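# Summary of the model geometry
Here is how the chains run, residue by residue.
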Amino acid sequence: MIEITELSYSYEDGKLAIDDVNLKISPGEKVALVGPNGAGKTTLLLHLNGILQGSGILRIGDWVISEKNLRQIRARVGLVFQSPDDQLFSNSVYEDVAYGLFYQGVETGTIRARVSDALNLVGMPGSETRSPYHLSLGEKKRVALATVLVMRPQVLALDEPTAGLDPRGRRGIINLLKSLEQTMLIATHDLSLAEELCPRMLIMDAGRLVFDGMTGAALSDRELLIKNGLL
Amino acid sequence: MKSPVPMHIPDGFLSIAVAGILWLVSLVFIFIALKKAGKEIDESRLPLVGVLAAAIFAGQMLNFAVSGGTSGHLLGAALAVLLVGPWPAVLIMTSVVVVQALVFQDGGILTLGANLFNMAVVGVAVAYFVSSLFRRWFGRQRWAALLTAFTAGWLSIFIASLAAALELAFSGTSPANIAIPAMGGIHALIGIGEGLITLGAVSLLMASKPQLFDQTSKEKVKSSLVWIAGLIFTVILLVFSPLASSKPDGLEWVAEKLGFLIMAQDASYHIIPDYVLPGIQNEALATIMAGVIGVIIVIAVVTLLTRRNKAASQS
Amino acid sequence: MPAGAFQRASYLPGGSALHRCDARVKLALLSTFLLTIALLPIGAWVVYALIGGLLLAGLLISELPLAVLCKRSLILEIPIILVLLPQLFIKNGDSLELAIFPYHHVYLSVMGLERIVSLLIRSWLSLQGAVLITSVTRFEDLLAAMRACGLPHLMTVIFGLMWRYLFILIGEASRMNQARASRSAAGQSGAARPLGLIIWNARVTGGMAGALLLRSLERSERIHQAMQARGYDGHLRGSSMEEPLTAKQKGLTLLFVLTGFLLLFIAYGWKMR
């Protein structure tokens, strides 16, 4: 489903953010992406829908990401950002969830129905008229997920989905993610989320991929975890 | 939360004619700004403009103590211009002033056109005029950028206040020879605060993200209209105000001819002899005395209100 | 979140008829109200009272507490008050004699007093009208109403974004104020500070403003990425579906406008007696 070949990316000031990353993810796989702050996790995720474009080849399904097919890529890859306040930029839940559909040219009656379905899916039924400002963090995270799910993506890329949540909120998000069938790449510091949800783990450090294997194996290797800033 | 600068004119203080005309003028400028900046904003700067407007509004809450309970605040027109160029700055300040009026009732709704004109048009144009001029004279050194920040901040407030004073005079709400020194005087002081805060902000931004200030050179070509407008506003207001101030009867004559005073329901000031301090014979002397007393009243009330503010801020 | 900011932001939720009324109609009502007041002559005390009554009626319909009208008093800014005071000294017409000092009487103009009081009453009535309407209307609905009345789409979106992040950023600014206050050892005494300290303070405030702006710039970058991730392509799109006004709503507006005319008629008729 996702195939990344020799991807490298540098920031404006020349610093290397991603250094020759290669990986393949099969359809339906749920993969955790872990690593210390500044390892390049968010930067990598931003490549998945073409917001950043480094050197190398990125393939989503049959599509190779290029300037010309960004629209189609972004319909297939749903990116959920770290801070839901950045993702919910409208003044009503409805407008936020419907945003992607406006740009796909979907007709209004259908939009209403799909928004309602997406909100039901994330456990926020009937919240269309609420203002994002008044939602709790957990609710915001759910709605942020809905804004992406409504577009029926094949791939979900999530950046720190449980950051800042209390145990109940966290449990809600984990259960929600468990119930979804999309291919997932989840950047997270939350190792027990990785353990519960993702059979496969990628460890990134200073822009390089230093581990690609079974989550169980990684988590039982204490030295590995400490060496890469995870413990 | 007090309004940042005491320049927002409430409903009732301007005649309908003055308010109406300024509404039209402001709308014209805003539409032009939408056209000129629209495409550029759509493509890459849409969230920037919106969030910056919110940031400037929020920035008006930051204050610094001057003495007792008085504090200085920011308006932000100069800062907006320095960050995103004149046309987007017009839109940013429009958002700020409109939300201030509609949601926080700082400034009236009929007078919103005038307030927009003073702050989103004149304030922005003057700041842009200063920044363009200084860039041409001094180039791109750091000290020049800081001087620009201060001067643009100060002058934008000062000139905008003169515009407000003239509007009050034209409406017959206040004689020019009181309004202009009062508004001008107070804002010459407040403007220093604006200049300093703008300077401080620019200083920090230059240190953290110098690339920010390179972009604005692109706007220069397209924005000559604003540059000229800024120059015109500054010159007119600087020259006109002392004139109007010293010859308010001349101003009234003009205003009367233009019907403003009629719409202001026969305002108070007809000919100078009306507005004379009782007991003083010489008209010219009386006028000057009136002006001086006006300024003294300004200072006295400021001191009084300062003491009351101190009590409030300690509660 | 600073309580003050939200409190002053006017909107008080409720279910009254005034709350449910379409925002476009409320906007029209407010405009009529303000224009009528602005056109009233000086000294039309009866009509001022009638309008006050209208205001009270509106307040009753809105089911909001009376305190709403006290929430925002006519806090006249210093320069504006001062520029009004000279009205007291006009030499036209009758004067009121005030003995301030022995042997020295000051003459205040009756007409001037009348003008000032009229102006203040009218200004206050206008202000409270705006307070009432904005207390029963959400800003988002006001924005939609303005859009329906012709506000350009780009401006609507800018307003919308500003509104969305306004209180988040006000919160940040207020926390910055608090952080600085808890670190500054400067006394709270009323003594004037040395000039150098004031200037330094101003620059520090500027630095805070700069930091606020910097964070906002970075935030706007991320928002832009979020917009792109959902398909934003540089062209604004979005629903602007507004149902057309019903006959009942139009009738209500017309009624209000006619009332305005009636009041003006009464006021000028009275004056010309």
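Reference entry: report on the structure contained in this document. What you see is a predicted model, and the numbers here were worked out from it, not measured in a lab.

## What about the overall build of chain A?
Summing up its helical and strand segments, chain A has 10 helices and 10 strands in all. In terms of overall dimensions, chain A has a C-alpha envelope of 50 × 45 × 35 Å along the principal axes. Counting every position in chain A, which comprises 231 residues, the buried fraction comes to 45%.

## A word on the overall build of chain B
If you tally the helices and strands in chain B, you get 11 helices and 2 strands. Counting every position in chain B, which comprises 315 residues, the buried fraction comes to 60%. The long-range share in chain B, meaning contacts at least 24 apart out of those at least 6 apart in sequence, stands at 77%.

## Focus: the sheet that holds strand β3 (residues 30–34) of chain A
Residue and element names in this part refer to chain A. With mixed pairing, 6 strands are arranged side by side in an open sheet as β6-β7-β8-β3-β9-β10. Two strands lie at the open edges of the sheet, namely β6 (77–80) and β10 (208–214), each paired on one side alone. Strand-to-strand twist across the sheet, computed as the mean angle between neighbouring axes with direction ignored, equals 15 degrees. Inspection of the sheet shows strand β7 (residues 155–159) paired to strand β8 (residues 183–187) by 5 bridges, in the parallel sense. When the sheet's bridge partners are listed, leucine 158 is paired in β8 with isoleucine 186.

## Structural notes on the sheet that holds strand β1 (residues 2–10) of chain A
In a beta sheet, neighbouring strands are held together by backbone hydrogen bonds and run either parallel or antiparallel to one another. All names here are of chain A. On the basis of which strands lie adjacent, the open sheet formed by 4 strands has the order β2-β1-β4-β5 and antiparallel pairing. Each edge of the sheet is formed by a strand with only one pairing partner; in this case those strands are β2 (16–25) and β5 (63–64). Along the sheet face, helix α1 (residues 41–48) touches β1, β2 and β4 (55–60) and points at about 60 degrees away from the line of β2.

## Quick look at the interface of chain C and chain A
Of the residues lining the interface, 22 residues belong to chain C; the matching set on chain A comes to 22 residues. Those elements that place two or more of their residues in the side of chain C that touches chain A are α9 (153–183) and α10 (195–229) of chain C. When residues of the side of chain C that touches chain A are assigned to their parent elements, the largest contribution, 7 residues, is made by α10(C). Its residues assigned to classes, the side of chain C that touches chain A comprises 9 nonpolar, 6 polar and 7 charged.

## Considerations on unusual backbone geometry
For Ala206(A), which is not glycine, the phi dihedral falls at a positive 50 degrees. Counting through the fold element by element, Ala206(A) comes out in the loop between β9 (200–205) and β10. By the C-beta count within 10 Å, which is 16 here, Ala206(A) ends up partly exposed. Of note in this structure, Gln105(B) is not a glycine but carries a positive phi near 50 degrees. Assignment of secondary structure puts Gln105(B) in the loop between α3 (86–104) and α4 (112–138). Using a count of 25 C-beta atoms within 10 Å as the deciding quantity, one classes Gln105(B) as buried.

## Points about the environment of Pro86(B)
All names here are of chain B. Here proline 86 lies in helix α3. The exposure class assigned to proline 86 is buried, which follows from the 29 C-beta atoms found within 10 Å. Remark: the alpha-carbon pair of proline 86 and tyrosine 128, spanning 42 residues in sequence, is separated by 6.2 Å.

## Re the packing of helix α1 (residues 16–59) of chain B against helix α2 (residues 77–84) of chain B
Residues and elements named next belong to chain B. Two elements in contact, α1 and α2, have axes whose closest approach is 11 Å; the angle formed by their N-to-C orientations is 150 degrees. By the angle class used here, α1 and α2 are roughly antiparallel. Where α1 crosses over α2, the handedness of that crossing is right-handed. Contacts from Val49, Leu52 and Ile56 in α1 reach Leu79, Ala80, Leu83 and Val84 in α2. Within the contact of α1 with α2, the residues separate by chemical class into 7 nonpolar, no polar and no charged.

Cut-offs and rules
Residues numbered from 1 in each chain as written. Chains lettered and ligands numbered in written order. Predicted model: local features only at pLDDT ≥ 70, side-chain atom pairs only at ≥ 80, totals over all residues. Helix = DSSP H or I, 4+ residues; strand = E, 2+ residues; numbered from the N terminus. Buried ≥ 20, exposed ≤ 12 C-beta atoms within 10 Å, placed from the backbone. Contact = placed C-beta atoms within 7 Å. Pairing = 2+ DSSP bridges. Axes fitted to C-alpha atoms, helices over the stretch in contact; angles between N-to-C directions. Nonpolar A, V, L, I, M, F, W, Y, C, P; charged D, E, K, R; others polar. Parallel < 35°, antiparallel > 145°, perpendicular 65-115°, else oblique. Left-handed = near helix turned anticlockwise from the far one by under 90°.

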